[in-house]
Amino acid sequence: MEMMINDAFEQYRQHDPNVGASQPLNEDEIVNDEPKEDHNGFYELLKDGSQTLYEGSKYTKLEFIIKLYHIKVLCGLSDKAMTMILDLLNDAFEKAKFPPSIYEAKKIINKLGLNYKNIDASPKHCMLYLGDDEKSLDACKHCGTSRWKPNKKKKIAAKVLRYFPLKPRLQRLFTCRKTAKDMRWHVLEDNKDGLLRHPRDGEAWKTFDLIHPEFSSDPRNVRLGLATDGFNPARTLSSTYSIWPIFLIPYNLPPWICMNHTSFILSMIIPGKQSPGNNIDVYLKPLVEELCELWSGVDTYDSSLNENFRMRAALMWTISDFPSLGILSGWNIHTGLACPTCNLDAEPCRLRNCNKWCFMGHRRFLSRNHKFRLNRVRFDGSIEERNPPLKLSGSEIFRQVEHINTTFGTGAIQNGTRKRSRQEVTQWNKRSIFFELPYWESNLLRHNLDFMHIEKNVCDNVMYTLLHEKDKSKDNLNARKDLKEMGLRPDLWPDDNGKYHLALFSLTRGTKKLFLKTLKTITVPDGYSSNISRCIDEKLNKISGLKSHDCHIIMEQLLPLAIRNLLPDHVTSILVEFCSFFRILCGKTLNLPELQLLKDRIVVTLCHLEMLFPPSFFTVMVHLTVHLIEEAKLGGPVHYRYMYPVERELGHLKSFVRNKAQPEGSIAEGYLAEESLTFCSRRSLFNVHFNSNAKIASSSICAP
């Protein structure tokens, strides 16, 4: 144990970065030597790690405390209950070195360097009480809302951000020899076949290396991805509460480790109960400040090479669903220009009867001499002469937003009142806080389109339109009225009584039964998917309650089988081609020449869909499929950049909630206990199995 702790905290043992490995201290040296103030935690931890719990015990004091703390979290025991248990143990075993209370036990665990900070926040998301001049304030300086909870004898903050400092967590990655070597995997292992199997093979990673050679010169410098989403900790007990954790993913690690549960780093817990919305930048401020410091570097000990080095870190991109992409980037996703890749180079099309925007015009992505560009009748009645939209660089994006000044908060005083003045809808809601990072403009891929949610929405569109669901189908009376107003496809127009004929792509009553029966009776290997048959009602000929992974399995595997011989051949071939696009793009490895062919195929497929389905079918999520190939070229395989592992992590955090009144605190304490156990097990401080949750521990990075 003593040797292990010396190894794990070697940076405290060396005062000169050029000296060799230091010798571990023995207990006499610890007692007789006066430790420096900055290193007190290390020496005290070394004492606890070398002391046996009692004479003849197989546990050390540190082992026992961490395992006991983990039991507290798993079983949902309160601090008071744990203190009473420790009192009983101290009374029963007088010679044992138990801590007197759970408070003292937490102080010992905090010496591992893995703790979190409580930062008070304005209840209306206006500001953090972070600076020296702000910590003494009793009310928000923007909206005047009190900092404290009302009707309390003591001053208790109304909203608290739990922030987990990033520097010590990145430094801990290099205290284990195996993990420290894995952090250099992206350079040690060559890509001999040229396939894309890791973000390091993508163009964004390679371009970052060329622009910042001083960063790429040391393979130990950390590349990070940021992921976030909101979730309801109360499950079905509340439908409005929303907590937003922020995760960081170190992409230096090899493919079989990178997206594992234990590789995720929780950076902060943004408290509920309302979603922060565009005010998320207020909470991201401490993280961005720390990332700016990490760009300059921090001294770190590498146990695999037995040396100190200057560790730097950079944020490569963000991962989120489409609404969260708008929140993080500041792009307005609720207009006819919702596509952030097309930016302003698009023509909004509003469907008056459906009261929604449609995103068609995919002929512009075809080659200049393609015959579809001249076809007026089967499309929107015009010739397509536009070129594909140009992808803007980070500098061009920054020029669009550099003069935007945003006052954050739901209660900020503007124009002398609390009411916001009526303004025209703008496409940029704010200048993202990530532009404060010195390298953010040069990143080729800043905000990822989420493959998981795109596939889910496309599957819903296809399934409910084929089944002609009354409330969810994209082919309804209003869609037919819009066709009539646009003067397209007279055979689909409704009559004066609002009656219309089924389209070629709609299933009849008989074929609908066959389609649903096929989906209900298909059997798959155990663990391959959930029980999709539970979502199918053969009596009502309906399907409902599909989760994201259900749609993933249906879209890529089951739908091509279920529609055979039920629809006209040309309709079936188009849908099968659409399904194959998602199946190929979701592969563990990607081939660049094949990606270019796939890009051409998806454009043609979307054009065929435009000839087949009404304009209401083409939501922004259907349109975003045309940009997924370019993002795969930049960032590598989609399973490093989609939300499936993030959603699993959110479900895991939800299991920590024991106190429904304080869910954020429960999550923070539970994560801290698990993180401490993971740290100790990685460094072999002792043999510990912290969680046997199969869906977390045995999840594959390639299988969502």
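The rules behind each value
Residues numbered from 1 in each chain as written. Predicted model: local features only at pLDDT ≥ 70, side-chain atom pairs only at ≥ 80, totals over all residues. Heavy atoms only, no water. Buried < 20%, exposed > 50% of the residue type's maximum accessible area, 1.4 Å probe, protein only. Helix = DSSP H or I, 4+ residues; strand = E, 2+ residues; numbered from the N terminus. Pairing = 2+ DSSP bridges. Core = buried A, V, L, I, M, F, W, Y, C linked by side-chain atoms within 4.5 Å. Contact = heavy atoms within 4.5 Å.

1. Overview of the pairing of strand β6 (residues 298–302)
Then step 1. Counted residue by residue, β6 has 4 buried out of 5 residues, so it is predominantly covered.
Then step 2. Relative to strand β7 (residues 307–311), β6 is paired through 5 bridges, and the arrangement is antiparallel. Bridged to D302 within β7 is E307.
Then step 3. In this structure, the hairpin formed by β6 and β7 is closed by a connection of 4 residues, where N306 is found at a positive phi of approximately 60°.

2. As for the nonpolar core
Then step 1. Core analysis: the largest hydrophobic core is formed by 188 residues, its most contacted members being L170, L284, L287, L315, F515, I543 and L559.
Then step 2. Residues in contact with L287, not counting those within four places in the same chain, are Y163, L166, L226, I246, L248, S267 and M268.
Then step 3. With 5 residues, the next largest nonpolar core counts C126, Y129, C140 and C143 among its residues.

3. Describing helix α23 (residues 628–635)
Then step 1. In terms of residue burial, α23 counts as a mostly covered element, since 7 of its 8 residues are buried.
Then step 2. Within the sequence span of α23, burial applies to L628, I629, E631, A632, K633, L634 and G635.
Then step 3. The elements touched by buried residues of α23 are α10 (203–211), β8 (313–319), α16 (451–466), α20 (569–585) and α21 (592–612).
Then step 4. Downstream of α23 by a residue or two, G636 has a phi angle that is positive, lying close to 90°.

4. Some thoughts on the pairing of strand β4 (residues 244–250)
Then step 1. Burial analysis of β4 places 7 of its 7 residues in the buried class, which makes it a mostly covered element.
Then step 2. What you see with β4 is no split at all: W244, I246, L248 and P250 on one side and P245, F247 and I249 on the other are buried throughout.
Then step 3. Two elements, strand β3 (residues 222–228) and β4, share 5 bridges in a ladder whose sense is antiparallel. Bridge pairing in β4 places A227 opposite F247.
Then step 4. Sheet analysis places β4 next to strand β5 (residues 265–270), joined by 5 bridges and oriented antiparallel. Looking at the pairing, P245 lines up with I269 of β5.

Honestly, that's just the spatial picture; any functional story needs more than this.
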